[in-house]
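# Chain and residue survey
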Amino acid sequence: MQRLKTRQIDRLIEDILLLKESRNAVILAHNYQIGEIQDIADYTGDSLKLSRQAAETDADVIVFCGVNFMAETASILCPEKTVLIPEPEAGCSLADTININQLKAWKKKYPDAVVVSYINTTADVKAESDYCCTSTNALKVINAIPLDKEILFLPDVFLGTYLEATTGRKLHLWPGECHVHAGIRPSLVNTIRQQHPDAEFLIHPECGCLTPSMYYLANGDISPKGTHILSTEGMIRYAKESCADCFVIATEVGILYRMKKDNPEKTFLPVNPDAVCEYMKKITLDKVHRSLDEMIYQVKVPEDTASKARRSIDRMLELA
Ligand code: 13P
Ligand code: SF4
């Protein structure tokens, strides 16, 4: 029975690879995708790395195994290419916390402010923003804005608070959060870190434990040695390069797949094993196959929105 299932999966993968070749397609997968999808992808990575791959590819078709705002970013950067998402319901609770009308109303209150949007936003919101940023380069983007300028930062309040603490600047913060990362609470961190005091601690800046962790770091209750605030790709790179053998990981658990695959001799412990992004997990091998076979579901950002959104992304890519 198991052997039959393995044969069916192998066959499905073979078909996907053939279709990919005949369509001249590239498969991009976010670090939270299920292992089978990461294994067939041409590139896996964080939001910044995948945006760059989308911008640089010479494929005709981009199959984006991630969530909607990521596929929209690929469409904005490559208007001449066909961008497909295998599951159109792959949304993002963080991106959903602010829409274009809410942003316009916020901007009206602070007409001279510079708007910095985290990449987890819809294309319309990016189009109303001055800069886009990701977890890798948010600090660089804030530091590039003249000190006399007010900044509206959206939508992630934990990342925003971190940026305020690290730059010493007061930002106007949108009160958005991701339901998965908000569930990575300080009490869970304390428990696991007490059990593994020598492990290195890697935190994604969207986490609910980030603000208290920064406070404990400042107080000396958490040792700054061995604590690192990183994007998903930054975490993967760090785990590979570090000579530590045990890591406590504060982000969505899909990231553990590649960490374990790249470093079979090391131990990776999730702060919250239930931190699962159900949107990311909607993409399966069957859906990727169907996507390439039927050329669905196409993601196309209208050019008037795309051209405005592209400016905010290009400003980010120039700085990064
Ligand atoms: P990264 O850019 O660090 O991969 O984060 C994107 C994301 O959606 C995290 O929830
Ligand atoms: Fe959005 Fe959170 Fe899922 Fe990332 S983990 S895609 S922020 S819902």
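Here we summarise the structure given alongside this text. Values in this document were obtained by computation on a predicted structure and should not be read as measured data.

### Things to note about the site of ligand 1
Near ligand 1 the following residues occur: His30, Tyr32, Asp46, Ser47, Tyr118, Asn120, Ser135, His181, His204, Glu206, Ser231 and Thr232. In the model, an oxygen atom of ligand 1 is placed 2.8 Å from a nitrogen or oxygen of the Ser47 side chain. At 2.7 Å, a side-chain N or O of Ser135 approaches an oxygen atom of ligand 1. A per-class count over the shell around ligand 1 returns two nonpolar, eight polar and two charged.

### Comments concerning unusual backbone geometry
Phi is mostly negative for residues that are not glycine, and the peptide bonds are mostly trans. For the bond from Leu154 to Pro155, the omega torsion is -10°, close enough to zero to count as cis. Looking at where Pro155 falls in the secondary structure, it is placed in the loop between β7 (151-154) and α8 (157-167). The omega torsion of the bond from Ile296 to Tyr297 falls at -10°, within 30 degrees of zero and hence cis. Within the fold, Tyr297 resides in the loop between α14 (285-294) and α15 (303-319).

### With respect to the pairing of strand β12 (residues 267-270)
With four bridges joining them, strand β11 (residues 246-250) and β12 adopt parallel strand pairing. Across the sheet, the residue bridging to Ile249 is Pro270, located in β12. As for the winding sense of the linkage, the β-α-β connection from β11 through helix α13 (residues 255-262) to β12 is right-handed.

### A few points about the sheet that holds β7
Read from one edge to the other, the open sheet built from four strands follows the order β6-β5-β7-β8, with strand pairing classed as parallel. Two strands lie at the open edges of the sheet, namely β6 (131-133) and β8 (172-173), each paired on one side alone. The pairing of strand β5 (residues 114-118) with β6 spans three bridges and is parallel. When the sheet's bridge partners are listed, Tyr118 is paired in β6 with Cys133. Helix α5 (residues 100-109) contacts β5, β7 and β8 of the sheet and is inclined by roughly 160° relative to β7.

About the thresholds
Residues numbered from 1 in each chain as written. Chains lettered and ligands numbered in written order. Predicted model: local features only at pLDDT ≥ 70, side-chain atom pairs only at ≥ 80, totals over all residues. Heavy atoms only, no water. Near = heavy atom within 4 Å. Polar contact = N/O pair within 3.5 Å; in protein donor to acceptor, adjacent residues only side chain to side chain. Nonpolar A, V, L, I, M, F, W, Y, C, P; charged D, E, K, R; others polar. Helix = DSSP H or I, 4+ residues; strand = E, 2+ residues; numbered from the N terminus. Pairing = 2+ DSSP bridges. Right-handed = clockwise from strand over helix to strand, strands pointing away. Contact = heavy atoms within 4.5 Å. Axes fitted to C-alpha atoms, helices over the stretch in contact; angles between N-to-C directions.

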